[in-house]
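Tertiary structure, described
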Amino acid sequence: MDAALEKRQVERAYELYAPVYDFIFDWIFAPGRAAAVRQLDLQRGDSVLEVGIGTGLNLPFYPPTCRLTGVDLSAEMLDKAVERVQTLAMPNVTLKVMDATSMDFADDEFDKAVATYTISAVPDPVAVLREMRRVVKPDGVIVILSHFRSVRRVMGRLEDLVAPLCTRLGWKSNLALTPLLAEVSLEPELVAKVNMFNGWRLVKCVNRT
Ligand SMILES: C[S@@+](CC[C@H](N)C(=O)[O-])C[C@H]1O[C@@H](n2cnc3c(N)ncnc32)[C@H](O)[C@@H]1O
């Protein structure tokens, strides 16, 4: 599908999700969030990029001593994140509407990057991960948390079966983790199962050159 069309579809989908996103998704996804930010092992002064920050549900987990930049394609989702930044009084946070497949940041600009529940919700996960690699310094940490295709045969098949429906709702149910990481030359240092039914995977990589 045409990339501009896919981008518009995502924008339209999250324009609809934005008012109800926290109500529907917060409780399901909550346990993985703290774990994902914890895996960044944030040190005083670290610059960290959150890709597809959405409504900013991860914001409470960041220490005030890091410099956080959050980007998202959806202005409506980001509006909610702006409200959350104000409520939490976080002057260390900058938010920008931006397409994660071509980010307006210099090479090696960030110490660390994280994407929670985003990689399986973007039309082009390879392009997003390549961009994350580009903007994170060599040996910087990249953490992703998403649902990936099960390695169990029956469950994997089921996820293939429901994939067309899930795509319509805005995410991929059968994105396979190992080939995805291989395509962007990332090797996981840690893969942990999180959330309900251990259905999501928390992946920590080091940005080796
Ligand atoms: C399922 S939501 C996850 C939001 C948030 N990370 C969280 O943990 O709740 C996926 C987010 O990815 C964003 N997104 C999708 N495609 C994107 C792209 N190409 N660039 C930036 N953000 C994108 C959507 O707008 C949406 O806010």
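Use the structure listed above.
Figured I'd write up the structure that's included with this text.

Re the pattern of salt bridges
Tallied over the full model, the rule gives 9 salt bridges. Across the salt bridge formed by Lys112 and Asp46, the nearest N and O atoms sit 2.7 Å from each other. Here Asp46 lies in the loop between α2 (21-39) and β1 (47-51) and Lys112 lies in strand β4 (residues 110-116), a separation of 66 residues in the sequence. A relative accessible area of 10% means that Lys112 is categorised as buried. Of the charged contacts in the structure, one is a salt bridge between Arg134 and Glu131, with a shortest N-O distance of 2.7 Å. On the criterion of helical spacing, the pair formed by Arg134 and Glu131 is a turn pair, its members being 3 residues apart in helix α4 (residues 125-135). On the basis of relative accessible area, Arg134 is assigned to the partly exposed category, the value being 25%. The network of salt bridges with shared partners includes Asp107, Glu131 and Arg134.

Considering the site of the ligand
Close contacts around the ligand come from 20 residues, with Tyr21, Arg33, Gly52, Asp72 and Thr116 the closest. A distance of 3.1 Å separates a nitrogen atom of the ligand from a polar atom in the backbone of Leu73. Between the ligand and Asp99, the relevant distance is 2.9 Å, taken from a nitrogen atom to a side-chain nitrogen or oxygen of the residue. Protein chains shield 97% of the accessible area of the ligand, which is 600 Å² for the free molecule. Looking at the shell around the ligand, the elements with two or more residues in it are α1 (3-17) and α2.

Quick notes on unusual backbone geometry
A positive phi angle, close to 50 degrees, is found at Ala89, a residue other than glycine. Phi is positive for Asn195, close to 70 degrees, though the residue is something other than glycine. Topologically, Asn195 is positioned in the loop between β6 (188-194) and β7 (200-206).

Structural notes on the packing of aromatic side chains
All told, the structure shown has 7 aromatic pairs when counted by the stated rule. With centroids separated by 6.2 Å and ring planes inclined at 85 degrees, the aromatic side chains of Tyr17 and Phe25 adopt a geometry described as edge-to-face. When the ring of Phe25 is compared with that of Phe29, the centres are 5.5 Å apart and the planes differ by 15 degrees; the resulting orientation is stacked. Highlighted residues: Phe25 and Phe29, both in helix α2, separated by 4 residues, approximately one helical turn.

A closer look at the pairing of strand β3 (residues 93-97)
Where strand β2 (residues 67-72) and β3 come together, 5 bridges link them in parallel fashion. Looking across to β3, one finds that Gly70 is bridged to Leu95. Read from β2 through helix α3 (residues 75-88) to β3, the crossover connection turns out right-handed.

So, the state of the cysteines
Under the counting rule described, the total for this entry stands at 0 disulfides. For Cys66, which is in no disulfide, the shortest distance to another cysteine sulfur is to Cys205 and amounts to 20 Å. A relative accessible area of 1% means that Cys66 is categorised as buried.

Remarks on the environment of Ala81
Considering the arrangement of structural elements, one finds Ala81 in helix α3. Linking Ala81 and Val48, residues 33 residues apart in sequence, is a C-alpha distance of 16 Å. With sequence-adjacent residues up to four places away left out, Ala81 is seen in contact with Gly54, Thr55, Gly56, Leu59 and Leu95.

A word on α3
End to end, α3 covers 20 Å across 14 residues, agreeing with the expected 20 Å (1.5 Å per residue, within 8%). If you check which residues of α3 are buried, you get Met77, Leu78, Ala81 and Val85. Buried residues of α3, seen end-on, are gathered within an arc of 90 degrees and therefore sit on one face of the element. When the buried face of α3 is taken as reference, the exposed residues oriented beyond 90 degrees from it are Gln86 and Thr87. Following α3 by one or two positions, Ala89 adopts a phi angle in the positive range, close to 50 degrees.

Definitions and cut-offs
Residues numbered from 1 in each chain as written. Predicted model: local features only at pLDDT ≥ 70, side-chain atom pairs only at ≥ 80, totals over all residues. Heavy atoms only, no water. Salt bridge = Lys/Arg side-chain N within 4 Å of Asp/Glu carboxyl O. Helix = DSSP H or I, 4+ residues; strand = E, 2+ residues; numbered from the N terminus. Buried < 20%, exposed > 50% of the residue type's maximum accessible area, 1.4 Å probe, protein only. Near = heavy atom within 4 Å. Polar contact = N/O pair within 3.5 Å; in protein donor to acceptor, adjacent residues only side chain to side chain. Areas by Shrake-Rupley, 256 points an atom, 1.4 Å probe, with all protein chains shown as cover. Phe/Tyr/Trp six-rings, centres within 6.5 Å; stacked < 30°, edge-to-face > 60°. Pairing = 2+ DSSP bridges. Right-handed = clockwise from strand over helix to strand, strands pointing away. Disulfide = S-S within 2.5 Å. Contact = heavy atoms within 4.5 Å. Expected span 1.5 Å × (residues − 1). Arc of directions from axis to C-beta.

So yeah, pure geometry; function would need other evidence.
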